[in-house]
Amino acid sequence: MNPVAKAIKIIKDETRALESERVELSHALGRHLAEDIIADTDLPPFDRSQMDGYALRAAETTTVPAKLRIVGESAAGRGWHNELNPGEAVRIMTGAPVPVGADSVQQVELTRELDGGSEVEILEPVSLGRSIVKRGSEIKGGETVLRAGEKINAGAVAVLASFGYAQLSVGKRPRVAILATGTELVAVDQKPGPDQIRDSNNFSIAAYATPAGATVERLPLAGDDIAQLKRQIAGAAERCDIIVTSGGVSVGRYDFTKTVLQELGAEIFFERVALRPGKPTVFARLPNGTLVFGLPGNPVSVSVTFNLFARVAILAMQGAAETELEAATAVLSKTVKPARDRDSYLPARLSTNENAQLLAEPLKWGGSSDFVGFVRATALIIIPQATGVVEAGTRVGVVRLPE
Ligand code: AMP
Ligand code: MG
């Protein structure tokens, strides 16, 4: 049985990035860059004042009050483009260019204008370079600001705008079909009859897949019926890059997902992972190239296996540099008794204590079907196979669940 890390490696090896597409900057948020982003100008593009005040020579303010002649005004978007001579000052606003000859800005609060604005008295000495952001100090034209594979967040959108990227190349979104299987399932708007339950996996998988960048299609619920499963999977494969099923991958008499994948000629890369919860997870590829993740039916197993495995493929198809959940170490706040024969990924809630230490609190949960207990989880505690009891206070590895 593959350990989790091996299963993830197999997924990365078998997933090809989709091609890129051009999008308008206003549609770039959350996408992944398919090109390096290069600064087309220095930033700031000129020596820029950080304050409203007076541009001057610092050496002329060592004895205060110092009287200087006001020779002009530099405002944002309307600079003063002469040279400042000794004994002179220029009234300057935040964001305005600092004139040649000035080396510092004294803020307006530490000055007083005299003679109806022809002179200014500097009340406090200014240190050299004060309140000036030098041209190119943030970035130089030609430098790489962001790299292909990075996810575009709000900060990146600002960077892209600053360097003139009205359109840009991003990885295409994978089309993901979601299929919940199980004869016991009824739709969310139905009242379950005896022996029935409402489907939740179709919705939780969509809720995880969408922020990961997928375009999601929820298929109609499928019963445990080979012909129906075959029809639905084959149909979805024609228009989707990835199919994520839930249920029917275990060893029960009505678990047909693997049978159906075999009958459709799929290459099965793994059909079990040494993982708790989530052991019967299947990863396969249909003859036309569509990837299939067959997740177990239990809602908590779905959350764990989707985020550990299917999410990796969704991100890799977009060319993402980071495809795995963010890892961290935390101090275990309660003793846990994990499975010995598999890697355990235990639902947990992270918090920070008064010493700024990250704490992981294992959640009380009734096993892989207890998704009500799972609601509060923000992370999974990783206890490697064969570890045995882990005492409270031990440092453990965790991965954060996406928000
Ligand atoms: P299975 O993997 O098909 O053996 O299902 C394991 C458990 O998960 C069973 O109790 C199922 O009823 C439950 N289950 C399967 N699919 C869903 C679903 N879409 N929503 C909620 N529970 C499910
Ligand atoms: Mg089932």
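See the structure above.
How each quantity is defined
- Residues numbered from 1 in each chain as written.
- Chains lettered and ligands numbered in written order.
- Predicted model: local features only at pLDDT ≥ 70, side-chain atom pairs only at ≥ 80, totals over all residues.
- Heavy atoms only, no water.
- Buried < 20%, exposed > 50% of the residue type's maximum accessible area, 1.4 Å probe, protein only.
- Helix = DSSP H or I, 4+ residues; strand = E, 2+ residues; numbered from the N terminus.
- Arc of directions from axis to C-beta.
- Contact = heavy atoms within 4.5 Å.
- Core = buried A, V, L, I, M, F, W, Y, C linked by side-chain atoms within 4.5 Å.
- Domains from an automatic or database assignment.
- Near = heavy atom within 4 Å.
- Polar contact = N/O pair within 3.5 Å; in protein donor to acceptor, adjacent residues only side chain to side chain.
- Areas by Shrake-Rupley, 256 points an atom, 1.4 Å probe, with all protein chains shown as cover.
- Nonpolar A, V, L, I, M, F, W, Y, C, P; charged D, E, K, R; others polar.

1. Thoughts on helix H1 (residues 4-14)
Inference 1: Every buried residue of H1 is accounted for by Val4, Ala7, Ile8, Ile10 and Ile11. On an axial view of H1, the arc spanned by its buried residues comes to 155 degrees, and they lie on one face.
Inference 2: Lining the buried residues of H1 we find strand S18 (267-270), strand S19 (275-276), strand S20 (282-285), strand S21 (291-295), helix H6 (299-317) and strand S23 (343-352).

2. What about the nonpolar core?
Inference 1: Residues Ile242, Val244, Phe293, Phe306 and Phe309 are the most contacted members of the largest nonpolar core, which totals 42 residues.
Inference 2: Broken down by secondary-structure element, the contributors of at least two residues to this core are H1, strand S13 (175-180), helix H3 (201-209), strand S17 (242-246), S18, S21 and H6.
Inference 3: Sort the elements by how many residues they give to this core and H6 lands first, with eleven residues.
Inference 4: Looking at which domains feed residues into this core, each of domain 1 (4-18 + 172-317) and domain 4 (327-400) gives three or more.
Inference 5: Filtering out sequence-adjacent residues up to four positions away, Ile242 remains in contact with Arg175, Val176, Ala177, Thr290, Leu291, Phe293, Ala313, Ile314 and Met317.
Inference 6: If you look at the next biggest cluster of nonpolar residues, it comprises 19 residues, including Ile233, Cys240, Phe256 and Ala284.

3. A closer look at the site of ligand 1
Inference 1: Residues in close proximity to ligand 1 total 17 residues, the closest being Glu184, Asp199, Ser200, Gly248 and Gly297.
Inference 2: Glu184 is positioned such that a nitrogen or oxygen atom in its side chain is 2.5 Å from an oxygen atom of ligand 1.
Inference 3: In the environment of ligand 1, an oxygen atom lies 2.9 Å from a nitrogen or oxygen atom belonging to the backbone of Gly297.
Inference 4: For ligand 1, whose accessible area on its own is 490 Å², the fraction buried by protein is 76%.
Inference 5: Per-class residue counts for the shell around ligand 1 are five nonpolar, eight polar and four charged.

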